[in-house]
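# A structural walkthrough
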Amino acid sequence: MHYTSEEIKNLVQQTKEFLTSNIVSDFTELESLRAVIRFHEWQYYVQDNPLISDYEYDLLYKLLEHTEAKHPDWQTSDSPTQRVSSDLVDQFQSVEHLNPMLSLENSYNSDDLQDFDTRVRKLCNLDADATLAYFAEPKFDGGSIAVIYENDYLIRAATRGDGSKGEEITNNARTIRSLPLKAAFSKYGIYKAELRGEAVISKSKFEKINAARETEGLALLANPRNAATGVLRVKDASETANRGLDVFIFQMAFAVDANNENVLFNQKNHSDWMQILDALGFKVSLHERKVCNHISDVITYINDWTAQRDAYAYDIDGVVVKVNELKFQEQCGATSHHPRWAVAHKFQAKQATSRLLTIEFQVGKIGSITPVAKIEPVQLAGVTVSSVSLHNEDFITARDIRYGDQVLVERAGDVIPYIVKAFPELRNGTEKVIEFPKECPSCKTSLIREEEEAAWRCPNFFCEAQVVQRLIHHVSKDAMDIDGLGKSLIERFYDLGWIHQMDDIYKLDYQAIAQLDGMGEKSAEKLRKSIEKAKHNPIHRLLHGLCIHHLGKKVSKLIAEHLPYVLDLQNWKIDRYTAIKDVGPVVGQNIIGFFENPKNVEMLREMERLGVNMMQLEEDRPRQFTADSAFAGKTILFTGTLSQMDRKEAQNLAEQAGAKTLSAVSSNLNILVVGENAGSKLAKAKSLGTVEILSEAEFLEKIRSN
Ligand code: IVH
């Protein structure tokens, strides 16, 4: 920790005083104000835990600017105002690193890691059963930088360049507020030090940058890495200042005392240096890293990060594994390319380039037209992708995507793949502009686009494509959940003229089905059983299955809670809908419109005659939480591997008990349930000190007693 609790108390007290007094009368007081501002910058940029509002920070900063302008002789070079220099750089100077910035050897699987462990043991003369600790932390995906401190001041920053020489970017680096301009190295007997780290931009910051660029009509940036490396090398430091870069320090690469003696080995472990850098106010991977006593623990750590990388605030492309003890690092040495004491375990790539071959314009269940790009198949995070949604016309226009373009495709975790951008610079002149159709590709009706809607729609309710999509939706997992009846069977029955609307599904002729190619008695009987089962569904499934615009799963459940009988909706006026929390007037109007059509009411009556349940069941009713329920109103997160259920089931149980699930550890989190091999989330939750930590068994016990 950079500050003691006594210091923090003091700084908080002084913050209050500066915010109310508005006057700085001498140099000493100005130094206190600077210390206060540095403290809040550290809370915000290094700890991710601001203690004051942006507005209050601005007040303090303005007071500092104002006082320095009035008393130029009170100015200091490490003042928070001295981060952004007004000098423009014409050309970056080439500078030599104090020792070479090497690369890392890559590993892709646990065999590679076992081999690495064997090699290190050999180099260090360690038996297979001797303890050999590894320091593991995320491999941040940004641009590497080297920063030099001399006499406690940041004096130089450089990019990696070719490893021995890089470009001097001190002006830009000074604007990065997780990088202190002054740090008390002298307290540790260090006169000059070189630190290595990765300059990164958080995913949320990156989204904001691209959203702003999209509004301004500027080319989109491909990913947070490009955003970070690009802005490290801009000529105008104020641009770097505005981009919101962070630096994670990952190595103490050089350290000498005032007599130029090497003091790197004054510490036993790499982790000890990281602890010191944390205490000096640098941003290090305090919550993410782990010291592992065996390579098998490293493998577990990697598996944990592979699973949670998408939920992490920064893009990471792997895990770096380093021998922790510095003596052993020395013994391993390095090749000209990489140290022999470290390895980078790389995750499967999330992005790849491909070519856009053609576009299919698909008609959805309410008539929305979705352009779907067919691309040359590419491997993304272990899955072959050949089809990618382009969402709507504006998405294509904003990115200027054309037929034949090289495109950058991304697939992150569970997120459906999407096209990040096209590469106009790689065009050869044969690419063609994409014309959005004016007519429905299925029924040829003219498409319409309502104000405020992103999609073009086919207004023909009887459009064949829409009818089929509605039927497919009706039987889908989230709606009536009819097992064994999917897209292809629905299309087949429709083509045979057996089903035209939803009630037809409940009066299929199973003998005829048994005669179909590839079906037979058994399959027909199975289908009959699942359709019979679906007839007893709770009504929220039926409501969702009706394909009313905006009547999704959640709203269907909310309405079902207040609805004894489905056909009562014939009499519901708009107020009945809007009286329900989280149900809006738009969906209310759509439902009213649906029930105003006698054909729809007749269809529902027919379904009722065929045995489809229309009455509110126990499952539809609201759940009552007693105020003393252990989960009511609490936030919860699951980490690690659960042994008795999968994560989705566990989340459902918690939600049914009144909890809300979160995807990351933050100060808003109340409960963390820990399965096997939990990693950094557990560490972070522990460090917060406010999170209740439960084992899987304890969680289940609480659910039972709820
Ligand atoms: S340690 C001697 N740790 O990965 C090498 N590198 O492919 C010491 N990187 O150039 C590097 N996160 O820019 C290390 N936690 C981390 C890292 C990391 C990202 C980058 C670094 C390096 C590149 C090697």
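A quick note: this is a predicted structure, and the numbers were derived from the prediction, not measured.

Looking only at helices and strands, the protein chain features 24 helices and 22 strands. Judged by the C-alpha coordinates and their principal axes, the protein chain covers about 95 × 70 × 65 Å. Contacts spanning at least 24 positions in sequence make up 67% of the contacts within the protein chain whose residues lie at least 6 apart. Within the structure as shown, the protein chain displays about 35100 Å² of accessible surface, and the carbon and sulfur contribution to it stands at 48%. Side chains of the protein chain give 83 positive and 101 negative charges; the mean places of these two sets differ by 2 Å.

All right, on to the pattern of salt bridges then. Applying the stated criterion to the full structure yields 38 salt bridges. Between aspartate 405 and arginine 427 there is a salt bridge whose closest N-O contact spans 2.8 Å. Taken as a pair, aspartate 405 in the loop between strand S15 (402-403) and strand S16 (406-410) and arginine 427 in the loop between strand S17 (418-422) and strand S18 (432-433) lie far apart in primary sequence, 22 residues in all. Looking at aspartate 405, the relative accessible area reads 0%, which means it is buried. In this structure, the salt-bridge partner of lysine 581 is aspartate 582, at a minimum N-O distance of 3.7 Å. For the residue pair lysine 581 and aspartate 582, the accessibility class agrees, reading exposed in each case. When salt bridges that share partners are traced, they join Asp503, Lys507, Glu602, Glu606 and Arg609 into one network.

Around the ligand lies a shell formed by Leu104, Glu137, Pro138, Lys139, Phe140, Ser144, Glu198, Phe250, Gln251, Val320, Lys322 and Pro339. Between glutamate 137 and the ligand, the recorded distance is 2.9 Å, taken from a side-chain N or O atom to a nitrogen atom. Contact distances for the ligand include 3.2 Å between an oxygen atom and a side-chain N or O atom of lysine 139. Sort the elements by how many residues they give to the shell around the ligand and strand S3 (residues 134-140) lands first, with four residues.

Another aspect to go through is the packing of helix H2 (residues 27-46) against helix H3 (residues 54-70). Two numbers describe how H2 lies on H3: the axes approach to 10 Å, and their chain directions differ by 145 degrees. Considering only the axes of H2 and H3, their crossing is left-handed. Taking contact as the criterion, the partners of Leu30, Leu33, Arg34, Val36, Ile37, His40, Glu41 and Tyr44 in H2 are, on H3, Asp54, Tyr57, Leu60, Tyr61, Leu63, Leu64, Thr67 and Glu68. In the contact of H2 with H3, the residues fall into ten nonpolar, two polar and four charged.

This paragraph deals with the sheet that holds strand S13 (residues 369-380). Read across the open sheet, the five strands follow the order S14-S13-S12-S16-S17; overall the sheet is antiparallel. The open sheet has two edge strands with one neighbour each: strand S14 (383-389) and S17. Each adjacent strand pair in this sheet contributes to an overall mean axis angle of 45 degrees, direction not counted.

Turning our attention to the nonpolar core. Of all hydrophobic cores here, the largest spans 57 residues; its most connected members are Leu485, Ile559 and Leu604. Not counting chain neighbours up to four residues away, the residues in contact with leucine 604 comprise Leu542, Leu546, Val566, Leu567, Phe594, Phe595 and Met614. Residues Ile169, Leu181, Ile249 and Met252 belong to the second largest nonpolar core, which totals 42 residues.

The next thing to look at is the environment of glutamine 91. Relative to the assigned elements, glutamine 91 resides in the loop between H3 and strand S1 (94-96). For glutamine 91, a relative accessible area of 63% translates into the label exposed. It is 7.9 Å that separates the C-alpha atoms of glutamine 91 and lysine 235, two residues lying 144 residues apart in sequence.

Covalently bonding the sulfur atom of one cysteine to the sulfur atom of another cysteine gives a disulfide. Evaluation of the coordinates by the stated rule reveals zero disulfides. Free cysteine cysteine 124: the closest other cysteine sulfur is in cysteine 332, separated by 3.7 Å. Under the relative-accessibility criterion, cysteine 124 is labelled buried at 4%. Sulfur of cysteine 292: no disulfide; nearest cysteine sulfur belongs to cysteine 332 and is 17 Å away.

A word on the packing of helix H1 (residues 5-21) against H3. Between H1 and H3, the shortest axis-to-axis distance is 10 Å and the interhelical angle comes to 70 degrees. As the angle between them shows, H1 and H3 are arranged roughly perpendicular. On H3, the residues touching Thr15, Phe18 and Leu19 of H1 are Glu56, Leu59, Leu60 and Leu63. Broken down by class, the residue content of the contact of H1 with H3 amounts to five nonpolar, one polar and one charged.

Let's shift gears to the environment of glutamate 288. Within the secondary structure, glutamate 288 is located in the loop between helix H9 (270-279) and strand S9 (290-292). Between the C-alpha atoms of glutamate 288 and alanine 683, which are 395 residues apart in sequence, the distance is 7.5 Å. Residues in contact with glutamate 288, not counting those within four places in the same chain, are Pro138, Tyr301, Trp305, Tyr312 and Ser680. A distance of 2.6 Å separates polar atoms of two side chains, one belonging to glutamate 288 and the other to tyrosine 312.

With that settled, the discussion passes to unusual backbone geometry. Unlike most non-glycine residues, lysine 444 shows phi in positive territory, near 70 degrees. With respect to the secondary-structure elements, lysine 444 resides in the loop between S18 and helix H13 (464-475). Here cysteine 547, not a glycine, exhibits a phi torsion of approximately 65 degrees, which is positive. As for its position among the elements, cysteine 547 is in the loop between helix H17 (539-545) and helix H18 (553-560).

Right, let's talk about the packing of aromatic side chains for a bit. Summed over the entire model, instances satisfying the criterion amount to 21 aromatic pairs. With a centroid separation of 4.7 Å and an interplanar angle of 55 degrees, the aromatic rings of tyrosine 44 and tyrosine 45 are classed as tilted. Plain terms: the ring middles of tryptophan 572 and tyrosine 577 are 5.1 Å apart, the flat faces sit at 55 degrees to each other, and that makes the pair tilted. Neither residue differs from the other here; tryptophan 572 and tyrosine 577 are each classed as buried.

Turning next to the side chain of glutamate 606. Note that glutamate 606 resides in helix H21 (residues 598-609). Among residues more than four places away in sequence, those in contact with glutamate 606 are Asp503 and Lys507.

The next thing to look at is the sheet that holds strand S7 (residues 192-200). In space, the four strands of this open sheet follow the order S5-S4-S7-S8, with antiparallel pairing throughout. The open sheet has two free edges, formed respectively by strand S5 (153-159) and strand S8 (246-256), since each of these has just one partner strand. Each strand axis lies, on average, 25 degrees off the axis of its neighbour in the sheet, ignoring direction. Here strand S4 (residues 143-150) pairs with S5 via six bridges, running antiparallel. Paired with valine 147 across the two strands is alanine 157, which belongs to S5.

All right, on to H21 then. With twelve residues, H21 extends 16 Å from end C-alpha to end C-alpha; this agrees with the ideal 16 Å at 1.5 Å per step. Of all the residues in H21, the buried ones are Asn600, Val601, Met603, Leu604, Glu606 and Met607. Buried-residue contacts for H21 involve H13, H17 and helix H20 (585-596). Looking at where H21 begins, the residue whose side-chain oxygen comes 2.9 Å from the main-chain nitrogen of lysine 599 is asparagine 597. Once H21 ends, the next one or two residues include glycine 611, with phi positive near 100 degrees.

This next bit is on the pairing of strand S11 (residues 342-346). Counting buried residues in S11 gives four out of five residues, a clear majority hidden from the surface. Here strand S2 (residues 106-107) pairs with S11 via two bridges, running parallel. For serine 107, the partnering residue across the bridge sits in S11 and is histidine 345. Across five bridges, strand S10 (residues 316-323) lies against S11 in antiparallel orientation. Bridge assignment links valine 320 to a residue of S11, and that residue is alanine 344.

About the thresholds
- Residues numbered from 1 in each chain as written.
- Predicted model: local features only at pLDDT ≥ 70, side-chain atom pairs only at ≥ 80, totals over all residues.
- Heavy atoms only, no water.
- Helix = DSSP H or I, 4+ residues; strand = E, 2+ residues; numbered from the N terminus.
- Contact = heavy atoms within 4.5 Å.
- Areas by Shrake-Rupley, 256 points an atom, 1.4 Å probe, with all protein chains shown as cover.
- Lys, Arg positive; Asp, Glu negative; His and termini not counted.
- Charge placed at Lys NZ, Arg CZ, Asp CG, Glu CD.
- Salt bridge = Lys/Arg side-chain N within 4 Å of Asp/Glu carboxyl O.
- Buried < 20%, exposed > 50% of the residue type's maximum accessible area, 1.4 Å probe, protein only.
- Near = heavy atom within 4 Å.
- Polar contact = N/O pair within 3.5 Å; in protein donor to acceptor, adjacent residues only side chain to side chain.
- Axes fitted to C-alpha atoms, helices over the stretch in contact; angles between N-to-C directions.
- Left-handed = near helix turned anticlockwise from the far one by under 90°.
- Nonpolar A, V, L, I, M, F, W, Y, C, P; charged D, E, K, R; others polar.
- Pairing = 2+ DSSP bridges.
- Core = buried A, V, L, I, M, F, W, Y, C linked by side-chain atoms within 4.5 Å.
- Disulfide = S-S within 2.5 Å.
- Parallel < 35°, antiparallel > 145°, perpendicular 65-115°, else oblique.
- Phe/Tyr/Trp six-rings, centres within 6.5 Å; stacked < 30°, edge-to-face > 60°.
- Expected span 1.5 Å × (residues − 1).

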